[in-house]
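Coordinate analysis (summary)
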Amino acid sequence: MARRNKKTRESAGLAAAVFALLLCVFCAPIPTRAAAAARYIDIYLLAGQSNAAGSSAAPATGETYGNVLYAGQVNRRITGAAGTNDYLTALKDGVTIGLGRTTAFIGPEYGMASVLNDVYTPDNKALIFKTAASGTHLRNEYSGESANFGNWFPPSERDAAAENPATGVLYDRFLENFAATAAKLRADGYTPRVRGMAWMQGESDRSAPVVYRQLVTALIADFRSDLSRITGCDLSAMPFVIGEISGTFSSYDTRAVNATFNEMLHKTAAELTNVFVIGSGQYSVNSPTGVVGTDRYHWNTSDMIAVGRLFAQKLLSPDRTYRVQYSINRTMGTLEPGYPYVVNAGERLTVKVTAKAGYLVDSVTIDGRPLPYDAAAEAYISEPISSPVTVVVS
């Protein structure tokens, strides 16, 4: 694996969904009839240490979430020795239990899939992509599990640091694995579309919140830049969702240290664009009387599922006053701001807008023209499109 040095690298009172026809798209050329037939697949990224890798006991039985594909690799060693649950050359058709550090465990992907499965359909699937390793650092550490699996030290910080065998191995491996998965999806006829990233890490770095704040800020910028390069899409504002560490990680008596770390995460997110923190710290792994997690470092089964659901819910709607669903003569799907959707000649665009509590939908327009409302369908429906166009929520 090549090692990388530093790179050269709603309004509160308005809940209107506005649509614009574009002449070009930032992820694709001007659509033709051939381009209009492209199949998009939405990708949700997941990375971090053991609570991302998956160290929570799997339930005895579980669902198969068939509308969500899975690609990933867990705990691959610096030496290159194979990781576990390796689904890179062959994607897993549906998220199930057992995609953690071994088949006896789950990570956030299972709870995420339980939410995403209801948004996507058999004809319009999503994919969760994961690369993670237990006990690893964001800091440039070559100790503990980072000596086995590498660390997440970001490229933009490496010129000023002394390199060791663990330096940035996991970051670089994440990109290597993602590039391979994206290439496979393209070969299978899909156009990959990254929706956002879930980051569950920090337990190994919680004693150094000041350093972590600098490094996670650099990490987010580096991921956005490198993923833009790999996908050819502008992901400079890609939603990035950070999970709080458990408030009782390691022991009930470490609550103050853990709380200080989580407070730093919130302060960091507040200063960055499209960076959010979920309240996963509310789920305890230790109590005054003993362990309530799978062990004293990892959430129990139900809490890990809840954490995964929080990640998916935030990635689906980070901070918006409305939710938009659409249909182009097909099953309803979710329409997200900033991403192109192709409408073929002769098709009608149907849009349903659901406002959050306390908001009303003023209008839906296309190229500045109001889209007619059909009361029976409870939706806005266009006339048949005369020629292929691309629609983007703005």
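Please read these numbers as outputs of a predicted model, since none were measured by experiment.

What follows covers the overall build of the chain. Across its full length, the chain holds eight helices and 21 strands. Relative to its 394 residues, the chain shows a buried fraction of 54%. Carbon and sulfur atoms make up 52% of the accessible area of the chain, which totals about 16,000 Å².

So, on to the confidence of the model for the chain. When the pLDDT values of the chain are averaged, the result is 84; 79% of them are 70 or greater. Segment residues 7–37 is flagged for pLDDT under 50; beyond a separation of four residues in sequence, or across chains, it makes 79 contacts in the model.

Taken N-terminus to C-terminus, the directions of helix α5 (residues 169–187) and helix α6 (residues 209–231) make an angle of 30°; their axes are 11 Å apart at the nearest point. One element, α5, and the other, α6, form an angle in the roughly parallel class. As α5 packs across α6, the resulting crossing turns out to be right-handed. Facing Tyr171, Phe174, Leu175, Phe178, Ala179 and Arg186 of α5, the residues of α6 in contact are Leu219, Asp222, Phe223, Asp226, Leu227, Arg229, Ile230 and Thr231. Here the contact of α5 with α6 is built from residues that sort into nine nonpolar, one polar and four charged.

This next bit is on the pairing of strand β8 (residues 190–200). Of all eleven residues that make up β8, ten are buried, and the element is covered over most of its length. The pairing of strand β2 (residues 39–48) with β8 spans ten bridges and is parallel. In the sheet register, isoleucine 43 faces β8, and the bridge partner there is valine 194. Bridge count between β8 and strand β9 (residues 240–243): three bridges; the pairing is parallel. Bridge pairing in β9 links methionine 197 to phenylalanine 240. Between β8 and its parallel partner β9, the chain crosses via α6, and the hand of that crossover is right-handed.

So, about the nonpolar core. Leu45, Phe174, Trp199, Phe223 and Phe240 are the most contacted members of the largest nonpolar core, which has 80 residues in total. By residue number, the principal contributor to this core is α6, which donates eight residues. Discounting chain neighbours no more than four positions away, the residues touching phenylalanine 174 are Leu45, Leu46, Ala47, Phe129, Thr131, Trp152, Met197, Phe223 and Leu227.

What follows concerns the environment of leucine 371. You can see leucine 371 is positioned in the loop between β18 (369–370) and β19 (373–374). Taking relative accessible area as the criterion, leucine 371 reaches 7% and is therefore assigned buried. Separated by twelve residues in sequence, leucine 371 and glutamate 383 have C-alpha atoms that sit 8.9 Å apart. With sequence-adjacent residues up to four places away left out, leucine 371 is seen in contact with Val351, Val364, Thr365, Ile366, Tyr380, Ile381 and Ser382.

Rules used in this analysis
Residues numbered from 1 in each chain as written. Predicted model: local features only at pLDDT ≥ 70, side-chain atom pairs only at ≥ 80, totals over all residues. Heavy atoms only, no water. Helix = DSSP H or I, 4+ residues; strand = E, 2+ residues; numbered from the N terminus. Buried < 20%, exposed > 50% of the residue type's maximum accessible area, 1.4 Å probe, protein only. Areas by Shrake-Rupley, 256 points an atom, 1.4 Å probe, with all protein chains shown as cover. pLDDT = per-residue confidence, 0-100. Contact = heavy atoms within 4.5 Å. Axes fitted to C-alpha atoms, helices over the stretch in contact; angles between N-to-C directions. Parallel < 35°, antiparallel > 145°, perpendicular 65-115°, else oblique. Left-handed = near helix turned anticlockwise from the far one by under 90°. Nonpolar A, V, L, I, M, F, W, Y, C, P; charged D, E, K, R; others polar. Pairing = 2+ DSSP bridges. Right-handed = clockwise from strand over helix to strand, strands pointing away. Core = buried A, V, L, I, M, F, W, Y, C linked by side-chain atoms within 4.5 Å.

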